[in-house]
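# Overview (structure and organization)
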Amino acid sequence: MFEFIKKGTRRMSKVKKLARKVGSAFKKRSLRNGFSLPISFKSDYFVTTDVGIIYIKGDLGYLLTDQPGYGISIHEETVFFSYENVSLSQKGWGTSFVVVTDKSSLVNGYMFGKQKIKKAERVYKQTFSSSNGRIHQLSYSAKQKKLYICACEKNSIIEYSGKEHCTQISPFLDRFGVPILFDQNHINSVLPVENVIYFISYKAGGKSMALYIVDDECYGWELGKPGFHDLFPTENGFFTCDTFGDLEQGRVLNQHGNILEEAFGKNAIAPRGLAGSTSEILIGHSHKGPRAKRFDGNGGIVVLSDKDHARYVELPASQVYQIVRADGTHFVKNESCTNVQFREHLRSRFGQEQFVGKCVRELLPSCL
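First, a word on scope: everything that follows refers to the structure included in this document. Quantities reported herein were computed from a predicted structural model and do not represent experimental measurements. (Residues numbered from 1 in each chain as written. Predicted model: local features only at pLDDT ≥ 70, side-chain atom pairs only at ≥ 80, totals over all residues. Heavy atoms only, no water.)

So, about the sheet that holds strand β16 (residues 217-224). Two modes of strand pairing occur in sheets, parallel and antiparallel, and in both the strands are linked by backbone hydrogen bonds. On the basis of which strands lie adjacent, the open sheet formed by five strands has the order β13-β14-β15-β16-β25 and antiparallel pairing. The strands lining the two open edges of the sheet, one partner per strand, are β13 (187-193) and β25 (355-358). Averaged over all pairs of adjacent strands, the angle between their axes in this sheet comes to 25°, without regard to strand direction. Relative to β16, strand β15 (residues 207-214) is paired through seven bridges, and the arrangement is antiparallel. (Pairing = 2+ DSSP bridges. Helix = DSSP H or I, 4+ residues; strand = E, 2+ residues; numbered from the N terminus. Axes fitted to C-alpha atoms, helices over the stretch in contact; angles between N-to-C directions.)

Turning to the packing of aromatic side chains, a few remarks are in order. Tallied over the full model, the rule gives 13 aromatic pairs. Between Tyr212 and Tyr219, the ring centres sit 5.3 Å apart and the planes meet at 25°, which makes this aromatic pair stacked. On the basis of relative accessible area, Tyr212 is assigned to the buried category, the value being 3%. Assessed through its relative accessible area of 24%, Tyr219 is described here as partly exposed. Each residue in the set Tyr198, Tyr212, Tyr219, Trp221 and Phe342 is aromatic and connected to the rest through ring pairs, giving one cluster. Positioned over the ring face of Phe97 is Arg122, at 3.8 Å from the centre of the ring. Sitting over the ring of Tyr321, Arg134 keeps its end group 4.9 Å from the ring centre. (Phe/Tyr/Trp six-rings, centres within 6.5 Å; stacked < 30°, edge-to-face > 60°. Buried < 20%, exposed > 50% of the residue type's maximum accessible area, 1.4 Å probe, protein only. Lys NZ or Arg CZ within 6 Å of the ring centre and 35° of its normal.)

This brings us to the sheet that holds strand β19 (residues 249-253). Strand order across the open sheet formed by three strands is β17-β18-β19, with antiparallel pairing between neighbours. Because the sheet does not close on itself, it has two edges, and the strands there are β17 (228-233) and β19. Pairs of neighbouring strands in the sheet enclose a mean axial angle of 15°, with direction left out of account. Relative to β19, strand β18 (residues 238-246) runs antiparallel, the two being bridged by four bridges. Bridging across to β19, Asp242 finds its partner in Arg251.

This part covers helix α5 (residues 339-350). Taking 1.5 Å per residue, 12 residues should reach 16 Å; α5 reaches 16 Å between its end C-alpha atoms and fits that length. Every buried residue of α5 is listed here: Asn339, Phe342, Arg343, Leu346 and Phe350. Buried residues along α5 cover an arc of 100° about the axis, so they all sit on one side. Projecting away from the buried face of α5 at angles above 90 degrees are the exposed residues Val340 and Ser348. Within two residues after α5, Gly351 carries a phi angle of roughly 85°, on the positive side. (Expected span 1.5 Å × (residues − 1). Arc of directions from axis to C-beta.)

We now examine the pattern of salt bridges. Side chains carrying opposite charge are able to pair once their charged atoms draw close together. Per the stated rule, a full pass over the model turns up 11 salt bridges. Through salt bridges with shared partners, one network takes in Glu344, Arg347 and Glu353. (Salt bridge = Lys/Arg side-chain N within 4 Å of Asp/Glu carboxyl O.)

A complete count under the given rule lists one disulfide for this structure. Residue Cys166 pairs covalently with Cys367 via a disulfide, S to S 2.2 Å. Across the S-S bond linking Cys166 and Cys367, the dihedral sits near 120°, which makes this disulfide right-handed. With a gap of 201 residues between them, Cys166 in strand β12 (residues 166-170) and Cys367 in the segment after β26 (360-363) connect regions that are remote in the sequence. Judged by its relative accessible area of 0%, Cys166 falls in the buried class. Judged by its relative accessible area of 3%, Cys367 is buried. (Disulfide = S-S within 2.5 Å.)

Across soluble globular proteins, nonpolar side chains have a tendency to be buried as a group. Among the nonpolar cores identified, the biggest contains 21 residues, and Leu37, Phe41, Tyr45, Val47, Ile56, Ile301 and Ile323 are the most heavily contacted of them. Of all the secondary-structure elements, those providing two or more residues to this core are β2 (45-49), β3 (53-57), β22 (300-305) and β24 (320-325). (Core = buried A, V, L, I, M, F, W, Y, C linked by side-chain atoms within 4.5 Å.)

A few words now on the pairing of strand β14 (residues 196-204). Along a regular strand, successive side chains alternate from one face of the sheet to the other. The buried fraction of β14 amounts to seven of the nine residues, a majority that puts the element mostly inside the structure. The loop that links β13 with its antiparallel partner β14 comprises two residues; one of these, Glu194, has a positive phi angle of about 55°. In this sheet, β15 lies alongside β14 in antiparallel orientation, the contact comprising six bridges. Bridge pairing in β15 places Ser201 opposite Met209. The hairpin formed by β14 and β15 contains two residues between the paired strands, and Gly205 there has a positive phi angle of roughly 65°.

So this is what it looks like as structure tokens:
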């Protein structure tokens, strides 16, 4: 009798899982056809989430892919994005892929569905042992004609310059000068400015850090306790996200202070992902909770407008990762500021660099 109950329970568990899977697939197909948003956005945006890439156009949203993925970068009509071959709520091993397609194919739904997305041209792949180690942010340098990839599982940044040309840049070394090639420091954001690579480490020495690489030298600033994401240039400075902040009150920092403090008051949000303009700023918010329940609620977007107070737009996703305008920028083109200017903006907020170290570059035998 006991053995029968165990088998029956297992069968019921499989039935429930299948029902959830079918229900989720039906929901995603429905979202592909479009869903209403409570406000009309001034620009068009791509938003990466745990359910796929959402395209925002006016007061409508469209689910363009049905696979989870973090990174996206757009150059003219070319789109690079990452996706995973497993659900992020599952534990264990998986694979992250970076693929390239054209913008019209993505918008028209040609990447929707596992079989379709598999046909996209793959430029890089990486296995991971937990969802923390999957590929995170992507950033394309038009000046250098290279794509930069946050390879968290390898604690490194991948510089992709064409088929079979991937260089692994490792900025964290042990005391013998050997690269630390596991997700110890969680490099989640990358930004090329001229010939310099800026990036965010979620945790380094017990704190978050903003760092930059020049040749084989690495310099950086301590930002605060672990949990920072994102680093983007603006017309007169920068933005970075202190996702968990103090007392679970996340912050979005620029060179002057926290832009959320006045606009959004004491509302607890977890900011990650930024894009917009001087008249409209979109800030991603992800559902908070223990890792096992991180995908049980809904995330969304905080919209700061020059005409009214902050508004919150809920999305049919739990986790919001990246937001990028359809023209490929977050706020301004990376090339619109010089490395010297951008570095001075960071110094005005965080002081002189507190970290100096070395990095190691290695040409990988294969990108795939």
